[in-house]
Amino acid sequence: MVREQEVKSAYEVAKERYAEIGVDTEKAIEQLSKVKLSIHSWQGDDIHGFLNPDQKLTGGIGVSGNYPGIARTPDELTQDLHEGLSLIPGKHKIQLHTLYAVTDRKKDFDEVGPEDFKYWVDWAKEEGVGLDMNGTFFSHPKVKHNFTLASPEKEIRDFWIKVGKQSRAISNYFGEELGQQSVNNFWIPDGFKDNPIDKLSPRKRLIESLDEIIKEEYDEKNTIEAFEGKLFGTGIESYTVGSHLFYNNYAITRDKLWTIDAGHWHPTEDVSDKFSAFMPFGKGLMLHVSRPVRWDSDHVVIFDDALVRITRSLVRDDLLSKTNIGLDFFDATINRVAAWVIGARSTQKALLQAMLAPIDDLKKAENEYDFTKRLAVTEELKSFPFGAVWDEFCQRNNVPVGLDWMDEIRRYEKDVQFKRN
């Protein structure tokens, strides 16, 4: 009760401070409550999945660390997800991959269908969350010489085309069953380690493969596709078939979503600047919010300058309604549930801080060339008490305030996770 009163008192002070500059904290809290993050399942099990958990990761993907308590079964993974969601304010979505199918017999990737995700749909209904989908185009023997959909071999392409078609059927099933749109994200690892002779043919093959995958029409209220590019990956340092420009153009010409992964660009690029350049032409965005350290290392998202720029761009340019915010990181050096909580709460904090600004007033000043006011206000906002508004948001959503959630993580790892090893 003492903590509750302290949070309420601090919030009332913050509410008055923000009101002085024309910001309604209640409106910001309401706006944030409507933002659903798409939380990635693979942080909980180091991307092993359940189809071939012993298969070595391929496609330039690697997870470091061996913190105890990894989820090994569907029940352990959903148990961990439930724990994580209980510490994150709001209702969200969970991202899955083909390799997280729960099957009654051994199946290959191209055989996996909607029936193999009934476990997840039943759990999502019970949990009150949505589901997003990713076709798995890695960690399989048919990733031949780092090629899948752009392979020169028709047999290889046909296998992965089937995987892509099945992922769309699964995503549509999610949407039908859960009553909310499921985003089906496509990322492939195709490329060359050293300098290729022919850069055009692989891209033509990729276009043909993707066009075949999306040929069947689904109702967009249930599912929509997103396409994710990359600068490079381990093993394809010299040439990436599915580059950023390739998928930017593909998404626009096919009326699909373009996925921007924060870790897939050059370290000096500001990915947030891409949003306003794409949106006047594109249907919408899927984000994979990650934290690269010198390369696509997928560190846990923190409240840093890059995240602040991402969320500010989404809020200030009113892009949230056309943007799906997904998380994408994996760190096995720390508690895996805590990683979800830290990344999600950091993203929500950054969104809230962006919302707690007199945006219309600042745009008016900018249009009137009052750059002095723009700079003065944006600098003062950095020390405004947004943390008190965040604490109030957490309290209203019945999740721990401040670091109190760590007490629950320590209890959970002692009583549940550490007993798995």
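Residues numbered from 1 in each chain as written. Predicted model: local features only at pLDDT ≥ 70, side-chain atom pairs only at ≥ 80, totals over all residues. Heavy atoms only, no water.

A.B. asks: Quick question: what am I supposed to make of the pattern of salt bridges here?
C.D. replies: Pairs can form between side chains of opposite charge once their charged atoms are near each other. Under the defined criterion, the tally for this structure stands at 35 salt bridges. Notably, a salt bridge pairs Arg411 with Glu408, separated by 2.6 Å at the nearest N-O pair. In this pair, Arg411 and Glu408 are both assigned in helix 14 (residues 404–415), three residues apart and thus about one turn of the helix distant. Given the relative accessible area of 23%, Glu408 is considered partly exposed. What you see here is one network of salt bridges that share partners, running through Lys8, Glu26, Glu392 and Arg396. (Salt bridge = Lys/Arg side-chain N within 4 Å of Asp/Glu carboxyl O. Helix = DSSP H or I, 4+ residues; strand = E, 2+ residues; numbered from the N terminus. Buried < 20%, exposed > 50% of the residue type's maximum accessible area, 1.4 Å probe, protein only.)

A.B. asks: Quick question: what am I supposed to make of the sheet that holds strand 4 (residues 182–186) here?
C.D. replies: Sheet strands line up and pair through hydrogen bonds in the backbone, either parallel or antiparallel. Sheet architecture is closed into a barrel: eight strands sit in the order 1-2-3-4-6-8-9-10, paired in parallel fashion. In this sheet, neighbouring strand axes are inclined to one another by 30° on average, regardless of whether the strands run parallel or antiparallel. Taken together, the five bridges between strand 4 and strand 6 (residues 223–228) define a ladder with parallel strand orientation. Across the sheet, residue Ser182 finds its bridge partner in strand 6, namely Thr223. With respect to the sheet, helix 5 (residues 154–178) is in contact with strand 2 (93–97), strand 3 (130–134), strand 4 and strand 6, its orientation differing from that of strand 4 by roughly 165°. (Pairing = 2+ DSSP bridges. Axes fitted to C-alpha atoms, helices over the stretch in contact; angles between N-to-C directions. Contact = heavy atoms within 4.5 Å.)

A.B. asks: Help me understand the packing of aromatic side chains, please; the structure alone is not making it clear to me.
C.D. replies: For any pair of aromatic rings, the description consists of the separation of the ring centres together with the inter-plane angle of the planes. Across all of its chains, the model carries 24 aromatic pairs by this definition. Ring geometry for Phe137 against Phe186: centres 6.1 Å apart, planes inclined by 40°, an arrangement best described as tilted. Remark: Phe186 occurs in strand 4 and Phe137 occurs in the loop between strand 3 and helix 5; sequence separation between them is 49 residues. Note on Phe186: relative accessible area 1%, which makes it buried. One aromatic cluster is present, formed by Phe109, Phe137, Phe159, Trp160, Phe186, Phe227, Phe246, Tyr247 and Tyr250 through successive ring pairs. (Phe/Tyr/Trp six-rings, centres within 6.5 Å; stacked < 30°, edge-to-face > 60°.)

A.B. asks: Even after reading the chapter, I still don't get the packing of helix 11 (residues 359–367) against helix 12 (residues 371–381), so can you show me in this structure?
C.D. replies: For any two helices packed against each other, one specifies the inter-axial angle together with the distance between the axes. The contact between helix 11 and helix 12 brings their axes to 7 Å, and the two run at 150°. Considered as vectors, helix 11 and helix 12 are oriented roughly antiparallel to each other. Touching Asp361, Leu362, Ala365 and Glu366 of helix 11 are Phe371, Lys373, Arg374, Val377 and Thr378, all from helix 12. For the contact of helix 11 with helix 12, a count of residues per class yields four nonpolar, one polar and four charged. (Parallel < 35°, antiparallel > 145°, perpendicular 65-115°, else oblique. Nonpolar A, V, L, I, M, F, W, Y, C, P; charged D, E, K, R; others polar.)

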